[in-house]
Amino acid sequence: MSPTHVPGYLSSQITPKSPSIPPWPRPTELIVQCKARTRVPTPHGPVFLHIYHNNWDSKEHLVVVIDPAQLDENAPPQEFIRSRSLDARWHDEETDMDRIVRGAYVGRLSSTRAAPSRPHTPSSPSPLESSTSDILDSVPVPIVRIHSECFTGETIGSMRCDCGEQLDEAIRYISHPQPSPRTPERLVPGRGAVIYLRQEGRGIGLLEKIRAYNLQDMGYDTVAANLMLGHGADERGYEIAAAIMRDLGLDTEVRLLTNNPEKMEALRKEGIIVKERLPMVPRSWSDHANGTGRLGGGLRKPGATMIGGGAARGADLEKYLRTKVQRMGHLLELPTPAHPQPTHDIVLPTAPSAFVKMTLSPVSGLTPLPTRTQREP
Ligand SMILES: [Zn+2]
């Protein structure tokens, strides 16, 4: 494990930190509540951002719900992805305006339109227990991605990991129109959610992740660095994600975007029914990353890993991606020698022509992601 180029006196000891103390004893029953919801336009289309509180930690976990049919007055009748705790009436004095301001409304808000939602009742069907086969047949099974916060990868475009790209790819993929289950020749809006958990650095927090990065610069991989700092290789938990999925009615049948078998198992233990796993292939490992001629002058160069950005390749990123497969059991095929390991960082900008097809390598036997299309710069 110890790289040969690290001086011996350095590799010997890291002073262990005192264990962190939870702010309060964790209640037996986990309760989540959506406190607010709003429409946010993104490069991939409109989404609804949800803010969740819970009684297990003091963090604000987020959900990006992609269900644009909710904004379409002409959409056929269907059950939407909605939070039961948000649509609930919180107390007797709560006015319709109170409820609308926190996001408990239907359709799209405007200066002339604001309709409060109705509370979900146990007798009313959940989105996936709908009474009519019409509803079940006309909308695809929702796609869910459980994503853990990564300030470095998502906000400042760090190319030490692929978190920014994965977040962007998840929103893009879920937003992509999909064939109607009943009439496959007809495309219907994509639907699903990205559960965004505030567990930075595989759960060790930003401060400890920064320390781990310095160990990585000395030659240790992401797993070894975490262990040397006294942490587990992965300290994330998915109980809160599962509770949020239940609140959104996403617990009875979903397709899960992940390469991580531990995430699949964690959800299964929580009683979430995953109908299908959809793999996420890193853009730098997919065929489009080998394309040449996209780095020429005059092209727009968007953020490499930001929402709506292109693909990034780099030595640090390559090492991180390989560690996830070789040391953490992620379900991906390593790229062939046709994808040489980069020795320096490059960014693939958005291609200049519209509708550039980017083929993503599917894992055999699994549903491939739709091809990526890009807009004019
Ligand atoms: Zn990251």
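Everything below is about the structure shown above.
Quick summary incoming for the structure in this document. (Residues numbered from 1 in each chain as written. Predicted model: local features only at pLDDT ≥ 70, side-chain atom pairs only at ≥ 80, totals over all residues. Heavy atoms only, no water.)

## Structural notes on the coordination of the zinc ion
Thinking step 1. Coordination of the zinc ion by the protein comes from Cys150 (SG), Cys161 (SG) and Cys163 (SG), over a distance range of 2.2 Å.
Thinking step 2. In the primary structure, the donors to the zinc ion are separated according to the pattern C-x10-C-x1-C.
Thinking step 3. Cys161 gets classed as buried once you look at its relative accessible area, which sits at 3%.
Thinking step 4. By relative accessible area, which is 13% here, Cys163 ends up buried. (Donors = N, O, S within 2.8 Å, 3.2 Å for Na, K, Ca; no water. Buried < 20%, exposed > 50% of the residue type's maximum accessible area, 1.4 Å probe, protein only.)

## Details of helix 6 (residues 163-175)
An α-helical turn contains 3.6 residues, so a residue and the one three or four places further along point in the same direction.
Thinking step 1. Helix length check: helix 6 (13 residues) gives 18 Å between terminal C-alpha atoms against 18 Å at 1.5 Å per residue, within 8%.
Thinking step 2. Burial within helix 6 is extensive, with 13 of its 13 residues counted as buried. (Helix = DSSP H or I, 4+ residues; strand = E, 2+ residues; numbered from the N terminus. Expected span 1.5 Å × (residues − 1).)

## Section: the environment of Pro279
Thinking step 1. By the element assignment, Pro279 lies in the loop between strand 11 (274-278) and strand 12 (311-313).
Thinking step 2. Classification of Pro279 by relative accessible area gives buried; the value is 2%.
Thinking step 3. Along the sequence, Pro279 and Asn260 sit 19 residues apart, while their C-alpha atoms lie 9.0 Å from each other.

## A closer look at unusual backbone geometry
Thinking step 1. A positive phi angle is found at Arg202, which is not glycine, with a value near 55°.
Thinking step 2. By secondary structure assignment, the location of Arg202 is in the loop between strand 9 (192-197) and helix 7 (206-217).

## Description of the nonpolar core
Within soluble globular proteins, side chains that are nonpolar generally end up buried alongside one another.
Thinking step 1. Within the largest apolar cluster, 31 residues are counted, with the highest numbers of intra-cluster contacts made by Ile146, Ile195 and Met245.
Thinking step 2. Elements that contribute at least two residues to this core include exactly strand 1 (32-42), strand 2 (45-54), strand 3 (61-66), strand 6 (143-148), strand 9, helix 9 (239-247) and strand 10 (254-257).
Thinking step 3. Here this core takes six residues from helix 9, the largest share from any one element.
Thinking step 4. The contact partners of Ile146, leaving out residues within four places of it in the chain, are Ile195, Leu197, Tyr238, Ala241, Met245, Lys263 and Leu267.
Thinking step 5. Residues Ile66, Leu167, Ala170 and Met280 belong to the second largest nonpolar core, which totals 16 residues. (Core = buried A, V, L, I, M, F, W, Y, C linked by side-chain atoms within 4.5 Å. Contact = heavy atoms within 4.5 Å.)

## Description of empty space enclosed by the protein
Thinking step 1. Under the defined criterion, the tally for this structure stands at four cavities of 30 Å³ or more.
Thinking step 2. A volume near 350 Å³ is recorded for the largest cavity.
Thinking step 3. Along the wall of the largest cavity there are 28 residues; nearest its centre are Cys163, Gly201, Arg202, Arg236 and Tyr320.
Thinking step 4. Sorting the residues of the lining of the largest cavity by element identifies strand 6, helix 6, helix 7, helix 8 (222-228) and helix 11 (315-326) as the ones contributing at least two each. (1 Å grid on protein atoms, 1.4 Å probe; cavity = no way out; pocket = protein on both sides within 12 Å on 5 of 7 lines; lining within 4 Å. Points joined across faces, edges and corners; volume = space filled by probe spheres on them.)

## A word on the packing of aromatic side chains
The way to describe two aromatic rings as a pair is by their centre distance and the angle between their planes.
Thinking step 1. Applying the stated criterion across every chain, the model contains zero aromatic pairs.
Thinking step 2. Against the face of Trp90 rests Lys35, its NZ or CZ located 5.0 Å from the ring centre.
Thinking step 3. Cation over ring: Arg37 sits above Tyr105, and NZ or CZ is 4.8 Å from the ring centre. (Phe/Tyr/Trp six-rings, centres within 6.5 Å; stacked < 30°, edge-to-face > 60°. Lys NZ or Arg CZ within 6 Å of the ring centre and 35° of its normal.)

## Description of the sheet that holds strand 6
Whenever strands of a sheet pair, they do so through backbone hydrogen bonds, lying parallel or antiparallel.
Thinking step 1. The strand order across the open sheet formed by seven strands is 1-2-3-9-6-10-11, and the pairing between neighbours is mixed. Of all the strands in the sheet, the pair left with one neighbour each is strand 1 and strand 11. Neighbouring strand axes in the sheet, compared pairwise and without regard to direction, differ in orientation by 25° on average.
Thinking step 2. Pairing between strand 2 and strand 3: five bridges, direction antiparallel. Bridge pairing in strand 3 places Tyr52 opposite His61.
Thinking step 3. Taken strand by strand, helix 6 contacts strand 1, strand 2, strand 3, strand 6, strand 9, strand 10 and strand 11, and its axis lies near 165° from that of strand 6. (Pairing = 2+ DSSP bridges. Axes fitted to C-alpha atoms, helices over the stretch in contact; angles between N-to-C directions.)

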